[in-house]
Amino acid sequence: MGFEKKMVQYDDPDEEQEEDAPAEEGEEEEEEEEEEDMVDPLETIRTKCGETEHCVHYKELLETCESRVGSKSNTLEECTEELFDFLHARDHCVAHKLFHKVK
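The rules we used
Per chain, the residues get numbers from 1 upward, laid out in the order the sequence is written. Local features in a predicted model are, by the rule used here, given only for residues with pLDDT of at least 70; side-chain atom pairs are given and counted only at 80 or more, and totals for whole chains, interfaces and linings are based on all residues. No hydrogens and no water enter the side-chain calculation; it runs on all heavy atoms of the structure. Numbering of helices and strands runs from the N terminus, with a helix taken as a DSSP run of H or I at least four residues long and a strand as a DSSP run of E at least two residues long. For the exposure calls, accessible area comes from a 1.4 Å probe over protein chains only, and a residue counts as buried if that area is under 20% of its type's maximum, exposed if over 50%, partly exposed in between. The criterion used for residue contact is that any of the two residues' heavy atoms lie within 4.5 Å. Here the open area of atoms and residues is found with the Shrake-Rupley method and a 1.4 Å probe, where only the protein chains shown may cover a residue. A fitted line through C-alpha atoms represents every axis, and for helices the fit uses only the stretch in contact; the resulting angles, taken between N-to-C directions, go from 0 to 180 degrees. For classification purposes, an angle smaller than 35 degrees is called roughly parallel, one larger than 145 roughly antiparallel, one from 65 to 115 roughly perpendicular, and anything else oblique. Note: crossing handedness is left-handed where the near helix turns anticlockwise from the far helix by less than a right angle, and right-handed where it turns clockwise. Amino acids are sorted into nonpolar (Ala, Val, Leu, Ile, Met, Phe, Trp, Tyr, Cys and Pro), charged (Asp, Glu, Lys and Arg) and polar (every other residue, Gly among them). In these notes, a set of buried Ala, Val, Leu, Ile, Met, Phe, Trp, Tyr and Cys residues joined through side-chain atoms within 4.5 Å is what counts as a nonpolar core.

Here we take up the overall build of the protein chain. Check the secondary structure of the protein chain and you find five helices and zero strands. Listing the helices and strands of the protein chain from first to last along the sequence gives α-α-α-α-α. Within the protein chain, the proportion of its 103 residues that are buried is 14%. Looking at the protein chain alone, contacts between residues at least 24 apart form 59% of all its contacts between residues at least 6 apart. Element-wise, carbon and sulfur atoms account for 50% of the exposed surface of the protein chain, whose accessible area totals about 9,200 Å².

This is the structure:
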């Protein structure tokens, strides 16, 4: 008998979720729209810098190394040096451009 009283008092939890769902969807849509409008300048500048001649050279070296390592089944070689060279070149380019856009 005590169990029935609790069920009557607390109602069905599915009904409460259905009532709140439309309001939550509207809030989620607003948040998504705000996130879509905001563009991270770091990512934009990284993309542009990655396409410069200097960075493309290092990226080609990295891709060559990755394909060489990927073609071998048993190797100790890693492309760490090539990756660091590419990231250093890209970040060097980004450093000169990013801080002009920061408020």
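Let's shift gears to the environment of Val 94. For Val 94, the position within the fold is in helix H5 (residues 80-98). Separated by 47 residues in sequence, Val 94 and Thr 47 place their C-alpha atoms 9.4 Å apart.

What follows deals with the packing of helix H3 (residues 41-50) against H5. Where H3 contacts H5, the axes come no closer than 9 Å and their chain directions differ by 130°. Put simply, H3 runs oblique to H5. In the packing of H3 onto H5, the handedness of the crossing is right-handed. Residues Pro 41, Leu 42, Ile 45, Arg 46, Cys 49 and Gly 50 of H3 touch H5, and the partners they reach there are Arg 90, Asp 91, Cys 93, Val 94, Lys 97 and Leu 98. A breakdown of the residues in the contact of H3 with H5 according to their chemical character gives seven nonpolar, one polar and four charged.

So, about the side chain of Arg 90. As for its position among the elements, Arg 90 is in helix H5. Not counting the four nearest positions on each side in its chain, Arg 90 is found in contact with Arg 46, Cys 49, Gly 50 and Cys 55.

Here we take up the nonpolar core. Counting residues in hydrophobic clusters, the biggest one holds seven residues: Cys 55, Leu 62, Cys 65, Val 69, Cys 79, Phe 86 and Ala 89. When residues of this core are assigned to their parent elements, the largest contribution, four residues, is made by helix H4 (residues 53-71). For Cys 79, the contacting residues outside a window of four places in its chain are Leu 62, Cys 65, Glu 66 and Val 69. In terms of nonpolar packing, the next biggest core, distinct from the first, is built from five residues, Ile 45, Cys 49, Cys 93 and Val 94 among them.

On to the environment of Leu 87. Relative to the helices and strands, Leu 87 is located in helix H5. Sequence separation of Leu 87 and Gly 50 is 37 residues, and the distance between their C-alpha atoms is 9.1 Å.

These figures come from the coordinates and say nothing about function on their own.
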